[in-house]
Amino acid sequence: MSEHEEHTTHSQGFYLLIGAVLLVLTATTVGAAFVNLGPFNPVVALLIATVKATLVVLFFMHVKGASEKLTGAVVVAGFFFLAILLSLSLADYLTRSWR
Amino acid sequence: MSDSPVTAGSVTTMEHEAHNPALLHHFSDAQQQKNAASLGMWLFLVTEIMFFGGMFCAYLVYRVAHFNSFAAASQQLSIGMGAFNTAVLIVSSVTVVLAVKAAEAGKRKLLVGYLVVTVLLGMTFLVVKGFEYREKFERHHVPGPTFKFTDTFDDNGKQIPVNPKEAELFFSLYFAMTGMHALHMIIGCGLFSVLAIFAWKGHYSPGYFTPIENAGLYWHLVDIIWIYLFPLLYLISRHS
Amino acid sequence: MSKFLPLWPDSASTMSGQVDALYIYLLLVAGIMTALIFISVTVLAIKYRRVAGREATQIEGSTILEIGWSIIPFFVMLTFFIWGAVIYFKERTPPADSTEVYVVAKQWMWKIEHMEGQREINELHVPVGQNVKLIMTSQDVIHSFFVPAFRIKQDVLPGRYTTLWFKATVPGRYHLFCAEYCGTMHSGMGGDIVVMEPQDYAQWMAGGATAPLQETGKELFAQLGCATCHRFDVQGRGPNLTAIYNKPVLLEDGRTVIADENYVRESILNPTAKIVSGFKPVMPTFQGIVTDEQLNALVAYVKSLAQPTPGSAGLQNQPAASPDQPQNMQVQ
Amino acid sequence: MASTAVTANQAPKLNYLNNGHSLKSWLLTTDHKRIAILYLISVTTFFFLGGFFAMLIRLELLTPQGDLMQADTYNKVFTMHGMIMVFFFLIPVVPAVLGNFLVPLMIGAKDLAFPRINLLSWYLYVVGGLLISHVMLTGGVDTGWTFYSPFSTEYTNTKIVEAGLAAFVAGFSSIFTGLNFIVTIHRMRAPGLTWNRLPLFIWANYATSIIMILGTPVVAITIILVAVERLFHLGIFDPRLGGDPLLFQHLFWFYSHPAVYIMILPSMGVISELITCFSRKRVFGYNFIALSSIAIAVIGFLVWAHHMFVAGISLYAAMIFSFLTFFVGVPSAVKVFNWTATLYKGSITYATPMLYAFGFMGLFTIGGLTGLFLATLGIDVHVTDTYFVVAHFHYVMVGGVLMGYLGGMHFWWPKISGRMYPEGWAKLSALLVFVGFNLTFFPQFILGYVGMPRRYWQYPPEFQVLNVLSTAGSSVLAMGYLLPMIYFLWSLKYGPIAEANPWHAAGLEWKTTSPPPTFNFDETPVVTWEAYNYDEIPDKELEAPVVR
Ligand code: HEA
Ligand code: HEA
Ligand code: CUA
Ligand SMILES: [Cu+2]
């Protein structure tokens, strides 16, 4: 079974490395919150969160290098429809006060 | 003729290579079963994304509408506990992924060890969360008749009074989102405890460790949700 | 229309003819399409019914046909969209010269306040030929103001204003319904719209009035102490409220918003939500202190400061152009 | 070939129905076909319950005054009618009954990918059903099936939390069904059964499952937020806290609009099967029908706020959503046109399933076109929340989905039960349903445009005539629904034994015996042909009409 499926697990060191990167990013995001970046504070926070999430999805959840393209498609679909929910809702809220 | 009905024969076509006790009868081989389980899990994770998505949508809409109050309320959260918990979850994700690796390598004791550590980390998270909640109770930051909020929003040194109602809204979302997340953590801890017992009993082999893998996927997703919850709830406008 | 078997609603506003025209167009297209499908199915089903010795002819499909019957209906639907959107836009944009009427909905009645001070319950008297703008809010759940004869409807929400306008054309008495489910007596939450000739209306107006709404508002403005901060002679602690209505306001956080009814309402109930640039957030909230009716009066008053006579100034359609942006009024 | 099947059947053969008779062998079964039967029984029960409430509604509306029941009772009645019909009947009906039965059969699999989760789905459904029955018996709910806040969160004192829980649990039942279908369709297809050889019913269920998975969780969390708001004062939608009641509507319709496609898509899949079989033809434009199902599923997520045009959303959002709504009309139109074109040069028989298919095409067209009326902003302002909307959705849901379901039930009844139903009675009931349906719901279009609001317990007297017509129609309709109930039950014992393939239809499900054995196929079939290869199924054997 596992013969005909090139397995995607990485070395232990690699996982520890990713873990360390995630911890550093956490520290960064806390630090960045205390710096006044004007409107860019939330942008930076979300950017870092997205990088972290991507690392988890790609390496911990083994989407990167998976023999199966379907998994990636499923993940992308999930976030795509979430984006629809958020953006079309905001399309209402952000234009409420326009005239 | 291609459409002739299947000849009525004996029903004993079940002689599959049933060398794996975990292989269910309706799959043709273990690979098919494994792929099915993995796809099923991923689809379930998508439902989780959408489930939390509803709350993220509410959060987004209200944050845009009541930014000052949200910032002021956010500043009342304990950034220390939040950051600590984020770190705990990240470490637990690492132990999970190492557990999967141990399972794949067939190292039973190592696998059990990692699972137990994961559960402990999960519990740590929940205990810290419990302390946070208690603090909220003590400071009357729990929505409802006893809710009180007198802090102001410090906008570059200018103190802007905050409508306590909107702060209450923030805390409603805070409790709904972190509460739902904590519920998922509890389920995850339970799941890994059971898996640890099974692993101890030797249910898994390098050829079959799908439950570990799938529980791992679940745990990582719960981690990802926290990765977003943390900056969104704790880190609004912390600079001053 | 027959009162026994009405097949078409009364038509009593400037909107109703326009909506009916679009409706008839839709009925026509839908009728043609339905007929097309029904007739094709019937004809094909009969023509190609099973007969001994004739086999079905297999056809794969035709990309040209597929594209054709995707694109053509789409363009037909586009006409629905455009026409419908134009009407909707008109329905949602009250003319500048509208008389304003405040509506407060609650389970299960409509409370109506005219600018001149008349109050009614479950009845609204309006003159023929006059644009009327309703400024509506609810004290409890969501309701919906629905006048079939005018072809208009708007949900009435707690916590904010929604608006609706119409111009009645035919005198008479028309149904007012609550169209959003609101509890036990939802079906009883109705009343009448009474459309009158202008002279009858004037006569009706002459009776029963208390003080005009903005006068009530003015009194409240003094009573509640608004006037201590919002002065008209010198710059007080709060901005001068003259002529803010329907003008853009620059906020402390750099955004600009239009000071419409909802803005004024919010400023009173939740002053810190939007801080006017250059001012300190010292205004106390009046939530729980003023009732919805009093709030309406205050809003009417603040608006009257911008409009010499209610509803007649033409400020509506010239937003950003005005040079007297609020920040010019600030001294601090 | 037909004869082999008959002989096979005459010998007492082990099939899924007689493989174990104990209650346990049913209640703990993991056989998708048995689970389908469990669903069939429970869903039918709820249909008649919902229908019973519909009759109460219609009786109350016979007169303008509210005389049959109290206003509160009426409100509870239409709420129960809507909730039961939507969550406990129409959403599960085609996927959970026909889909459960047929998806593995049609793709040549032994079962669904996760048989135990499939059983769990049914139990969740039952738990939800029991909860809603409990609510019904202990006071009911009166919010309408839409649960609009703040009425539901603050003002009503009926059993919102329990009813919400019922919908929540039923929602998870449907999520798991969808998950099971997607995995099964991806992973368990018989060798040779490529994506473009799949029956269109499978495509339709696949698209449906996508919606179930993406949409249902959102309504689940929304329901939880409402419950939490009532229980713990977490005011998420409360306007007094600066919350927005419209947010509830956004979240609710984000699911509940796509949910209407959960209902219609599987039924459309059924229609594709029926029309091809009874005109003995390859379907016209296979790819376009298949892709239009997916298109409907995806575009269906972009249009939800068309339920909120007068709710107080922004002018611009209303325009965006109106515009997007018209896009779903296109793939729906593609389907209708392709079905019609499939008839062309066919060899058509008028068996009962085909009559239902004709009914579907006509009534769905009317329902869908009036949906376009509602999507047109200027019209919706006038007719929203009136009986026009009620008529629209009964046309698509009853005239569309239910017709498709009944057609499918007749078509696959021989496969499910091993017996034929009585054709004459079936034709009569199809006629009753069609006539009764139009009499019930056509007057409601007029009522709506004249201005009668929905959810009204009493109404101005001038609307009475049209309401009387509608009530009269509904009793004809009730007859039309009771009849199949009776003759299906009758046929279980007295119906003629069905062949393996009584309709000489093309799908894989017809290549196994009727009723199928527990593991569906004695040998896993290998597919070497396209779907609907009716050219390869000789017509000559059918010289004598199939249908007597
Ligand atoms: C099975 C269920 C189902 C289906 C399939 C649909 C299909 C559609 N619905 Fe419907 N709808 C409901 C169930 C359904 N609906 C329910 C339950 C409600 C009320 C909920 C409540 O408030 O309680 C509702 C309400 C509803 C509203 C809100 C009304 C209101 O409350 O104000 C709207 C508005 O846009 C709408 C639109 C549509 C459209 C555009 C389609 C389209 O998908 C239809 C597409 C089909 C066609 C268009 C027909 C075929 C096409 C042709 C033959 C081509 C020819 C056409 C041209 C040339 C123009 N529906
Ligand atoms: C699948 C969905 C579905 C189905 C099949 C039906 C079927 C029917 N519906 Fe329903 N309806 C809805 C979904 C559905 N409805 C929804 C979602 C609403 C909105 C609710 C809301 O506003 O919240 C609604 C609302 C609604 C209203 C509007 C109520 C109002 O706004 O005040 C009306 C009024 O006529 C109505 C009538 C009918 C009728 C006559 C049938 C008939 O087709 C039913 C015929 C079937 C039978 C009659 C079954 C046979 C049963 C018997 C003979 C009874 C005997 C049995 C026992 C005693 C157990 N429905
Ligand atoms: Cu008020 Cu319905
Ligand atoms: Cu819809």
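If you're wondering where the values come from, they're calculated on a predicted model, not measured in any experiment. Counting restarts for each chain: residues are numbered from 1 in the order of the written sequence. Written order decides the labels, with chains lettered from A and ligands numbered from 1. Note on the predicted model: pLDDT of at least 70 is required for a residue's local features to be given, and 80 or more for side-chain atom pairs to be given and counted; whole-chain, interface and lining totals, by contrast, use all residues. Side-chain numbers here rest on the full set of heavy atoms in the structure, without hydrogens or water.

A.B. asks: Pulling in residues and values, what's your account of the coordination of the iron atom of ligand 1?
C.D. replies: Residues and elements named next belong to chain D. One donor from the polypeptide reaches the iron atom of ligand 1: His392 (NE2), at 2.2 Å. Only N, O and S atoms count as donors, using a 2.8 Å limit from the metal and a wider 3.2 Å limit for Na, K and Ca, and since water is excluded some coordination spheres may look unfilled. A gap of 4.4 Å separates the iron atom of ligand 1 and the copper ion (ligand 4). Here histidine 392 lies in helix H14 (residues 387-417). Runs of H or I in DSSP of at least four residues are treated as helices and runs of E of at least two as strands, each being numbered from the N terminus.

A.B. asks: How would you explain the domain arrangement of chain A if you had to name every residue and give the values?
C.D. replies: All domain edges in this entry derive from an automatic or database-based domain assignment. Examined at the domain level, chain A breaks down into domain 1 (11-65) and domain 2 (66-99). On a C-alpha basis, the centroid separation for the pair domain 1 of chain A and domain 2 of chain A is 21 Å.

A.B. asks: An account of the domain arrangement of chain C is needed here, citing residue identities and associated values.
C.D. replies: One can read the domain layout of chain C as domain 1 (16-91), domain 2 (99-207) and domain 3 (213-304). Measuring from the centre of the C-alpha atoms in domain 1 of chain C to the corresponding centre in domain 3 of chain C gives 54 Å.

A.B. asks: Quick one: what's the story with the site of ligand 1, residue by residue and with numbers?
C.D. replies: Near ligand 1 you find 32 residues, and of these D:Tyr261, D:Asp380, D:Thr384, D:His392 and D:Arg454 are the closest. Nearness of a residue to a molecule or strand requires only that one of the residue's heavy atoms be within 4 Å of it. Around ligand 1 the close residues trace back to chains C and D. D:His306 places a side-chain nitrogen or oxygen 3.3 Å from an oxygen atom of ligand 1. At 2.9 Å, a side-chain N or O of D:His392 approaches a nitrogen atom of ligand 1. Elements with a contribution of two residues or more to the shell around ligand 1: helix H2 (63-92) of chain C together with helix H9 (245-278), helix H11 (315-343), helix H12 (352-375) and H14 of chain D. Per-element accounting of the shell around ligand 1 gives the leading share, eight residues, to H12(D). All amino acids are sorted into three groups, where Ala, Val, Leu, Ile, Met, Phe, Trp, Tyr, Cys and Pro are nonpolar, Asp, Glu, Lys and Arg are charged, and the leftover types, Gly among them, are polar. Residues belonging to the shell around ligand 1 are distributed by class as follows: 21 nonpolar, nine polar and two charged. Polar contacts, as counted here, are pairs of nitrogen or oxygen atoms within 3.5 Å of one another; within protein the pair requires one atom able to donate a hydrogen and one able to accept it, and residues that are adjacent in sequence qualify only if both atoms are side-chain atoms.

A.B. asks: Now, about the coordination of the copper ion (ligand 4): what can you tell me, with residues and values included?
C.D. replies: Around a metal, the perfect tetrahedron of four donors has angles of 109.5 degrees, and the perfect octahedron of six donors has angles of 90 or 180 degrees. All names here are of chain D. Within the protein, His257 (ND1), His306 (NE2) and His307 (NE2) serve as the donor atoms for the copper ion (ligand 4), at 1.8 to 2.1 Å. Donor residues binding the copper ion (ligand 4) come from one chain and are separated in sequence as H-x48-H-H. The class of histidine 306 is buried, set by a relative accessible area of 14%. On the accessibility criterion, histidine 307 (29% relative accessible area) is partly exposed. Relative accessibility under 20% of the residue-type maximum defines a buried residue, over 50% an exposed one, and the middle range a partly exposed one, all with a 1.4 Å probe and only protein chains included.

A.B. asks: Give me the lowdown on the site of ligand 2, citing residues and values where you can.
C.D. replies: All names here are of chain D. For ligand 2, the set of nearby residues contains 34 residues, the closest of which are Arg58, Tyr74, His81, His394 and Arg455. Within the contact set of ligand 2, a nitrogen atom lies 2.8 Å away from a side-chain nitrogen or oxygen of histidine 81. Within the side chain of tyrosine 387, one N or O atom sits 3.3 Å away from an oxygen atom of ligand 2. Among the secondary structure elements, those contributing two or more residues to the shell around ligand 2 are helix H3 (32-60), helix H4 (71-107), H14, helix H15 (423-450) and helix H16 (464-494). Looking at the shell around ligand 2, the element that brings in the most residues is H3, giving eight residues. Split into classes, the residues belonging to the shell around ligand 2 amount to 23 nonpolar, eight polar and three charged.

A.B. asks: Lay out the interface of chain B and chain D with the relevant residues and their values.
C.D. replies: The contact definition used throughout considers only heavy atoms, calling two residues in contact when any of these lie within 4.5 Å. Listed as interface residues are 46 residues of chain B and, on the opposing side, 50 residues of chain D. Simply put, the buried area is the total loss of 1.4 Å probe accessible area from both parts when two parts are fitted together. Both sides of the chain B and chain D interface together cover about 4,200 Å² of buried area, and 73% of this is carbon and sulfur. For salt bridges, the criterion is a side-chain nitrogen of Lys or Arg within 4 Å of an Asp or Glu carboxyl oxygen. Across the chain B-chain D interface, the total number found is zero salt bridges. Taken together, chain B and chain D are joined by six residue pairs in polar contact (both at pLDDT 80 or more).

A.B. asks: How would you summarise a nonpolar patch on the surface if you had to cite specific residues and measurements?
C.D. replies: The patches described consist of residues with a relative accessible area above 30% and no salt bridge, like charges being joined within 9 Å and nonpolar side chains (Val, Leu, Ile, Met, Phe, Trp, Tyr) within 5 Å. Note on areas: Shrake-Rupley, 1.4 Å probe, and residue coverage restricted to the protein chains presented here. A cluster of nonpolar side chains, D:Met479, D:Leu482, D:Met485, D:Ile486, D:Leu489 and D:Leu492, forms an exposed patch at the surface whose accessible area comes to about 540 Å². With respect to the helices, strands and loops of the structure, D:Leu482 is situated in helix H16.

A.B. asks: So what about the sheet that holds strand S7 (residues 152-156) of chain C? Which residues, and what values?
C.D. replies: Residues and elements named next belong to chain C. With mixed pairing, the five strands of this open sheet are ordered in space as S4-S10-S9-S6-S7. Where the open sheet ends on each side, the last strands, each with one partner, are strand S4 (123-127) and S7. Between one strand and the next, the sheet's axes are offset by a mean angle of 20 degrees, whatever the strand orientation. The rule for pairing is simple: two strands pair if DSSP sees at least two bridges between them. The pairing of strand S9 (residues 172-178) with strand S10 (residues 191-196) spans five bridges and is antiparallel. Paired with tyrosine 174 across the strands is isoleucine 193, a residue of S10. Here an axis means a line fitted to C-alpha atoms, over the contact stretch when the element is a helix, while the angle between two N-to-C directions is reported on a 0 to 180 degree scale.

A.B. asks: Please give an account of the state of the cysteines that cites residues and values.
C.D. replies: Note on terminology: disulfide denotes any pair of cysteine sulfur atoms within 2.5 Å. What the rule picks out here adds up to zero disulfides over all chains. Sulfur of C:Cys229: no disulfide; nearest cysteine sulfur belongs to C:Cys226 and is 8.5 Å away.

A.B. asks: Explain the sheet that holds strand S5 (residues 131-138) of chain C to me, using residue names and the numbers behind them.
C.D. replies: All names here are of chain C. Within the open sheet, the five strands sit side by side as S3-S2-S1-S5-S8. Their pairing is mixed. Across the chains shown, the open sheet's two edge strands, defined by having one partner strand only, are strand S3 (119-121) and strand S8 (162-167). The sheet shows a mean angle of 25 degrees between the axes of neighbouring strands, taken without regard to direction. By the bridge criterion, seven bridges tie strand S1 (residues 99-106) to S5 in an arrangement that is parallel. Among the inter-strand pairings, glutamate 100 is bridged to a residue of S5, identified as lysine 133.

A.B. asks: Talk me through the interface of chain C and chain D; I want residue IDs and the actual numbers.
C.D. replies: Taken together, the contact pairs 85 residues of chain C with 94 residues of chain D. Between chain C and chain D the total buried area reaches about 8,000 Å² when both faces are included, carbon and sulfur atoms providing 68% of it. Contact with chain D buries surface across chain C, with C:Arg50, C:Tyr88 and C:Tyr181 losing the most and accounting together for 11% of the total. Counting the contacts that link chain C with chain D gives one salt bridge. A salt bridge links C:Glu60 to D:Arg282, with the shortest nitrogen-to-oxygen separation between them at 2.7 Å. On the surface where chain C and chain D come into contact, there are 28 residue pairs in polar contact (both at pLDDT 80 or more). Among the secondary structure elements, those contributing two or more residues to the side of chain C that touches chain D are helix H1 (14-47), H2, S7 and S9 of chain C. Among the elements that take part in the side of chain C that touches chain D, H2(C) stands out by supplying 18 residues, more than any other. A per-class count over the side of chain C that touches chain D returns 49 nonpolar, 20 polar and 16 charged.

A.B. asks: If you had to explain the pairing of strand S1 (residues 152-155) of chain B to someone new, which residues and values would you point to?
C.D. replies: Residues and elements named next belong to chain B. Here four bridges tie S1 to strand S2 (residues 158-161), and the two strands are oriented antiparallel to one another. By the bridge assignment for S2, phenylalanine 153 is matched with isoleucine 160. Hairpin connection, S1 to S2: the antiparallel pair is bridged by two residues, and asparagine 156 has positive phi, about 50 degrees.

A.B. asks: Describe the nonpolar core, and please don't skip the residues or the numbers.
C.D. replies: Among buried residues, those of type Ala, Val, Leu, Ile, Met, Phe, Trp, Tyr and Cys that are joined through side-chain atoms within 4.5 Å constitute a nonpolar core. Counting 402 residues, the largest nonpolar core has C:Leu134, C:Phe145, C:Phe150, C:Ile193, D:Leu98, D:Tyr405 and D:Trp503 as its most contacted members. Among the elements that make up this core, the one with the highest residue count is H4(D) (25 residues). With residues near it in sequence (within four places) discarded, D:Leu98 still touches D:Val93, D:Val103, D:Phe201, D:Val270, D:Tyr405, D:Gly408, D:Met409, D:Trp412 and D:Ile416. In terms of nonpolar packing, the next biggest core, distinct from the first, is built from 29 residues, C:Tyr102, C:Val257, C:Ala259 and C:Val302 among them.

A.B. asks: Go over empty space enclosed by the protein with me, naming the residues and quoting the values.
C.D. replies: Residues and elements named next belong to chain D. In this analysis a 1.4 Å probe is tested at points of a 1 Å grid over the protein atoms alone, and where it fits but cannot get out there is a cavity; an open set with protein on both sides within 12 Å along at least five of seven lines is a pocket; lining residues have an atom within 4 Å of a point. Grid points are joined across faces, edges and corners, and a volume is the space filled by probe spheres set on the points. All chains considered together, the criterion is met by 13 cavities of 30 Å³ or more. In this structure, the largest cavity occupies an estimated 130 Å³ of space. Lining the largest cavity are 17 residues; nearest its centre among them are Phe87, Ile91, Pro92, Ala170 and Ser174. Contributing elements (two or more residues each) for the lining of the largest cavity: H4, helix H7 (160-187) and helix H8 (200-232). Here the element with the most residues in the lining of the largest cavity is H7; it accounts for six residues. Looking at the lining of the largest cavity, its residues break down into twelve nonpolar, five polar and no charged. Along the walls of the second largest cavity sit 13 residues, with Pro199, Ala506, Gly507, Leu508 and Trp529 positioned nearest its centre.

A.B. asks: Would you mind going over the packing of aromatic side chains in detail, with residue names and values included?
C.D. replies: When two rings of Phe, Tyr or Trp (its six-membered ring) have centres within 6.5 Å they constitute a pair, described as stacked for plane angles under 30 degrees, edge-to-face for angles over 60, and tilted for the intermediate range. Within the structure shown, the criterion is met by 95 aromatic pairs over all chains. Consider the rings of D:Tyr16 and D:Phe101, whose centres lie 5.5 Å apart with planes at 70 degrees: the pair is edge-to-face. Here the residue D:Tyr16 occupies a position in the loop between helix H1 (2-10) and helix H2 (23-27), and D:Phe101 occupies one in helix H4, the gap between them amounting to 85 residues. Owing to a relative accessible area of 1%, D:Phe101 belongs among the buried residues under this scheme. It is B:Arg108 that lies over the ring of B:Trp200; its NZ or CZ is 5.0 Å from the centre. Ring-over charges, as used throughout, are those where CZ of Arg or NZ of Lys falls within 6 Å of the ring centre and within 35 degrees of the ring normal. For C:Lys153, the ring lying beneath its charged end belongs to C:Phe146, and the centroid distance is 3.8 Å.

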